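# Summary of structural features
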Amino acid sequence: MDNNNYFNNSEALSLMKVYPTLRRVVLEAFDAHPMKLTRTQQILLLALNKEEMLSMSEIARRICTSNEQATRAVAQLVDISFVSRSQNAANRHTINISLTDKAKSYINEISANVFKKLDIAYDEIDDNQSEDLSKCLDFIANLNGHY
């Protein structure tokens, strides 16, 4: 990577190459769980897992969906006690959404399943590669606020 922390075309293409594999592993982990959720609900939970609390409009933006679809998914997740709604103290018209402990436990189960699937390949890299990979993944995870 160059010094300005922007991806070059080759790095962007590499990122796009790993996406199908990572997507498949994560979706298979969700599908293997007895609690069945829609893809929108799954992505919403993952977005909320990264942040402590998000507004409805921020959720829609982060998961690339309409406010209406995000609202519908949140309502369904409220019904199964996976998320809670609260009024924003600074702006009463804004509703904030956060994960419940039940959802955090569910995500931990999904994460453990993903880890099992990836751990097989992870054993093939050395400690330096592992550290580099960890730094790259942290960098990618924090890109969300930049686009």
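Refer to the preceding data block for the structure.
Summary of the structure given here. (Residues numbered from 1 in each chain as written. Predicted model: local features only at pLDDT ≥ 70, side-chain atom pairs only at ≥ 80, totals over all residues. Heavy atoms only, no water.)

Take the side chain of Ser-98 next. Structurally, Ser-98 is set in strand E3 (residues 95-99). If sequence neighbours within four positions are ignored, Ser-98 has contacts with Leu-48, Glu-52, Met-53, Phe-82, Val-83 and Ser-84. (Helix = DSSP H or I, 4+ residues; strand = E, 2+ residues; numbered from the N terminus. Contact = heavy atoms within 4.5 Å.)

The phi dihedral of Cys-64 is positive, around 55°, even though this residue is not glycine. Mapped onto the secondary structure, Cys-64 falls in the loop between helix H3 (56-62) and helix H4 (67-79).

Another aspect to go through is the pairing of E3. Extensive coverage of E3 is indicated by the burial of four of its five residues. Of the strand pairs in this sheet, strand E1 (residues 54-55) and E3 are connected by two bridges, and their pairing is antiparallel. Across the sheet, residue Leu-54 finds its bridge partner in E3, namely Ile-97. Sheet analysis places strand E2 (residues 83-87) next to E3, joined by five bridges and oriented antiparallel. Directly across from Arg-85, in E3, lies its bridge partner Ile-97. (Buried < 20%, exposed > 50% of the residue type's maximum accessible area, 1.4 Å probe, protein only. Pairing = 2+ DSSP bridges.)

What follows is about the packing of helix H1 (residues 9-32) against helix H2 (residues 39-50). Between two packed helices, both the angle of their axes relative to each other and the distance between the axes serve to describe the pair. Running from N to C, H1 and H2 point in directions that differ by 110°, and their axes come no closer than 11 Å. Overall, the two elements H1 and H2 adopt an arrangement that is roughly perpendicular. Judged by the twist between their axes, the crossing of H1 over H2 is right-handed. From H1, Val-26, Leu-27, Phe-30 and Asp-31 reach across to H2, where they touch Arg-39, Gln-42 and Leu-46. Of the residues assigned to the contact of H1 with H2, the class counts are four nonpolar, one polar and two charged. (Axes fitted to C-alpha atoms, helices over the stretch in contact; angles between N-to-C directions. Parallel < 35°, antiparallel > 145°, perpendicular 65-115°, else oblique. Left-handed = near helix turned anticlockwise from the far one by under 90°. Nonpolar A, V, L, I, M, F, W, Y, C, P; charged D, E, K, R; others polar.)

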